[in-house]
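Working through the structure, step by step
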Amino acid sequence: PGAPGGMGRKKVGIVNQAQEAVELKPFCYYCDREFDTVKTLITHQRTKHFNCAECGLKFDTVTGLRVHMLNAYKKTMKEVPNAMPGRENPDIVVHGMEGLPKGLVEEKTRKALADKAEKDKAREEESRERLKQISAMRAAEARADDEDK
């Protein structure tokens, strides 16, 4: 029991590190747009993706819109309105950040971590360059001071 448990615990640590390192903004599953709050995300989903094209009624989930389309217009909804390719399946019921397909948040977190690492590396290189320039300037100033003496 020692080894498998240990491995499980280690994984948890990695996940926690990832969550501390990058803060995933609320994002729309259907179009990948990011939002500052879950509240604005839900408003967006109601307006853009769960909105009846016939009468303008807005719903909290794709299921609400689906049932409405069937009852009011005898229409079967084949895809979520304004969804990007691969995300238009109305069988996947997402509300805000709830109900996201497994692995999607992990994938986005991994990508965000990779982006952050790249930015940090670039920032480090810039700092190193600046330090070199400062050192070179100080050395030149020191030489100039020595010549003045």
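In this report, the structure presented in the accompanying data block is examined. (Residues numbered from 1 in each chain as written. Predicted model: local features only at pLDDT ≥ 70, side-chain atom pairs only at ≥ 80, totals over all residues. Heavy atoms only, no water.)

What follows deals with the nonpolar core. In terms of nonpolar packing, the biggest core is built from 18 residues, with Tyr29, Tyr30, Val62, Leu65 and Leu100 touching the most fellow members. Here this core takes three residues from helix α3 (residues 62–73), the largest share from any one element. (Core = buried A, V, L, I, M, F, W, Y, C linked by side-chain atoms within 4.5 Å. Buried < 20%, exposed > 50% of the residue type's maximum accessible area, 1.4 Å probe, protein only. Helix = DSSP H or I, 4+ residues; strand = E, 2+ residues; numbered from the N terminus.)

Let's shift gears to unusual backbone geometry. Even without a glycine there, the phi angle at Lys74 is positive, about 55°. Along the polypeptide, Lys74 turns up in the loop between α3 and α4 (104–148). One non-glycine residue with positive phi stands out, namely Asn82, at about 60°. Taking the relative accessible area as the measure of exposure, Asn82 reaches 54% and is therefore exposed.

Along the polypeptide, Leu100 turns up in the loop between α3 and α4. Spatially, the C-alpha atoms of Leu100 and Tyr29 are 7.0 Å apart, while their sequence positions differ by 71 residues. Residues contacting Leu100, with those up to four places away along its chain left out, are Phe27, Tyr29, Val94 and Val105. (Contact = heavy atoms within 4.5 Å.)

Let's shift gears to the side chain of His68. Take His68: it is sitting in helix α3. Apart from the residues lying within four places of it in its own chain, the contact partners of His68 are Cys52, Cys55, Leu57, Phe59 and Tyr73.

Here we take up α3. Given a rise of 1.5 Å per residue, 12 residues ought to cover 16 Å, and the 16 Å separating the end C-alpha atoms of α3 matches this to within 8%. Looking only at α3, the buried set comprises Val62, Leu65, His68 and Met69. Buried residues of α3 fall within an arc of 120° about the axis and therefore sit on the same side. Summarising the contacts, the buried residues of α3 are in contact with α2 (38–49). Among the residues trailing α3, Lys74 stands out with phi positive, at a value near 55°. (Expected span 1.5 Å × (residues − 1). Arc of directions from axis to C-beta.)

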